[in-house]
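So you can see what is in the structure, the chains are spelled out below.
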Amino acid sequence: MTNDVIDQEDSQLIAGAILPRGDLISEEPITDDFFKSEFPWTEEASEQLLQIAMLPKNWDCLGGVRPRGEAIRQVEQFFRLLAAEGMRLNKPSINPTPAGGIDLEWEAGSKSFGIEFDGGHAARYLFEDPSSRRSIEDDLFPSDDLHAVLKLLSELQIPTRRR
Amino acid sequence: MTCWSGGKVSSSDDDRIDDDEIVYRLIQPGTHWFEPPDRIKSSSFKLRPGEMGISVFRAAFVSPADVRRILHATNSYPVAECRVGDIRRAVKGDQSALNLSVIVVDRGPEEPGHAEIRGDMTAAASKALSRLFKLVPQS
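Keep in mind it's a predicted model, so treat the numbers as computed, not measured. (Residues numbered from 1 in each chain as written. Chains lettered and ligands numbered in written order. Predicted model: local features only at pLDDT ≥ 70, side-chain atom pairs only at ≥ 80, totals over all residues. Heavy atoms only, no water.)

### Some points on the packing of aromatic side chains
All names here are of chain A.
Part 1 of the reasoning: Scanning all chains against the criterion turns up 7 aromatic pairs over all chains.
Part 2 of the reasoning: Considering the side-chain rings of Phe78 and Trp106, the 6.4 Å spacing of their centres and the 65° angle between planes classify their relative orientation as edge-to-face. You can see Phe78 sitting in helix α4 (residues 69-84) and its partner Trp106 sitting in strand β2 (residues 102-108), a full 28 residues away along the chain.
Part 3 of the reasoning: Where Phe113 meets Tyr125, the ring centres are 6.0 Å apart and the plane angle is 20°; that geometry is what we call stacked. Residue Phe113 is found in strand β3 (residues 111-117), and its partner Tyr125 is found in strand β4 (residues 123-129); the two are separated by 12 residues along the sequence.
Part 4 of the reasoning: Overall, the relative accessible area of 7% leaves Tyr125 in the buried class.
Part 5 of the reasoning: Through pairs of rings, three or more aromatic residues link up here, namely Phe78, Trp106, Phe113, Phe117 and Tyr125. (Phe/Tyr/Trp six-rings, centres within 6.5 Å; stacked < 30°, edge-to-face > 60°. Helix = DSSP H or I, 4+ residues; strand = E, 2+ residues; numbered from the N terminus. Buried < 20%, exposed > 50% of the residue type's maximum accessible area, 1.4 Å probe, protein only.)

Printed below as a string of structure tokens:
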């Protein structure tokens with residue numbers, strides 16, 4: 001995705017597509033053909049999420065809470081949205097958090113982008129690039145514009161090969 | 001002594017943890033549904049509901065094997081280590097100080113050497129800790 005696409009001010013892309021405003025978000029399965037064709041790592045990520053969903057209480061030996069189904073659905077929705085926006089990304093690391101959420105982390109060179117979905121009405125994200133002394137951490141609410149988040153994430157995209 | 005739900009915070013000078021001390025942290029296991037165990041991620045340094053700090057154990061009191069035994073973890077759970085001074089001097093990606101502290105939180109004789117990393121446990125703090133801690137090779 002180019003920054004021109006991300007910068008389109010007239011397009012509607014709000015976090016409510018991922019985060020619930022009160023109604024449950026879509027429970028469509030992650031394995032639709034369109035999504036599979038966008039990311040080569042979808043199947044692996046889907047399997048990982050399935051296994052994470054089955055973790056028992058205290059899975060980390062430190063009192064960790066079972067991952068919430070809603071958090072997993074939010075991750076699936078986020079992946080779907082990235083695919084729909086044409087983002088070229090490697091597979092993120094996907095880990096459960098001790099509080100029942102799911103952490104996604106992308107790293108490319110000195111840059112990193114992480115976002116935690118906990119199944120609630122907000123997600124927390126962090127973009128860091130020590131080489132340019134940047135650290136941006138914020139909450140993402142259903143009414144927030146997603147373009148700012150996608151613009152940060154676009155800095156970790158896989159470079160397009162020249163012919 | 002001040003009491004917290006997860007143990008007693010010591011205010012005694014005798015319990016001050018020196019910057020040169022090493023602390024251990026139990027890390028999420030590297031089974032097939034998690035990420036490879038050689039990658040320490042931010043999620044290993046996030047708080048559980050009700051927690052006030054990130055639980056660690058002082059190497060002056062316990063070994064990595066002791067940490068697993070205390071927490072009833074199998075050998076598939078890696079242990080990572082870090083110098084206390086490095087935690088106290090941890091910075092965000094923009095190089096601003098996180099001002100984390102490492103303090104003794106006494107959980108009794110069954111958990112010797114227990115301490116906690118305290119401070120504003122933001123995502124930036126979790127990320128910084130994931131960068132600082134290094135895996136202890138399995139013996």
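Having seen the structure, we can now continue with the description.
### With respect to the packing of helix α3 (residues 42-53) of chain A against α4(A)
Residues and elements named next belong to chain A.
Part 1 of the reasoning: α4 packs onto α3 with a crossing angle of 170° between their chain directions and a minimal axis gap of 11 Å. Taken together, α3 and α4 sit at an angle that is classed as roughly antiparallel. On α4, the residues that touch Ala45, Leu49 and Ala53 of α3 are Ile72, Val75, Glu76 and Phe79.
Part 2 of the reasoning: Partitioned by chemical class, the residues of the contact of α3 with α4 number 6 nonpolar, no polar and 1 charged. (Axes fitted to C-alpha atoms, helices over the stretch in contact; angles between N-to-C directions. Parallel < 35°, antiparallel > 145°, perpendicular 65-115°, else oblique. Contact = heavy atoms within 4.5 Å. Nonpolar A, V, L, I, M, F, W, Y, C, P; charged D, E, K, R; others polar.)

### A closer look at helix α5 (residues 147-154) of chain A
Part 1 of the reasoning: Most of α5(A) is tucked away, with 6 of its 8 residues classed as buried.
Part 2 of the reasoning: Those residues of α5(A) lying buried are A:His147, A:Val149, A:Leu150, A:Leu152, A:Leu153 and A:Ser154.

### Regarding the confidence of the model for chain B
All names here are of chain B.
Part 1 of the reasoning: Summary statistics for chain B give a mean pLDDT of 87 and a share of 84% for residues scoring 70 or more.
Part 2 of the reasoning: Ranking the helices and strands of chain B by mean pLDDT puts helix α2 (residues 84-88) first, with 98, and strand β1 (residues 2-4) last, with 33.
Part 3 of the reasoning: Reported confidence for the predicted complex is 0.83 by ipTM and 0.84 by pTM. (pLDDT = per-residue confidence, 0-100.)

### Details of the pairing of strand β3 (residues 22-26) of chain B
Note on strand geometry: in a regular strand, side chains alternate between the two faces of the sheet.
Residues and elements named next belong to chain B.
Part 1 of the reasoning: Counting buried residues along β3, 4 of its 5 residues qualify, which places the element largely inside the surrounding structure.
Part 2 of the reasoning: Here β3 pairs with strand β5 (residues 79-83) via 5 bridges, running antiparallel. Paired with Ile22 across the two strands is Arg83, which belongs to β5.
Part 3 of the reasoning: Where β3 lies against strand β4 (residues 54-58), 2 bridges are found, and the strand directions are antiparallel. Looking across to β4, one finds that Val23 is bridged to Arg58. (Pairing = 2+ DSSP bridges.)

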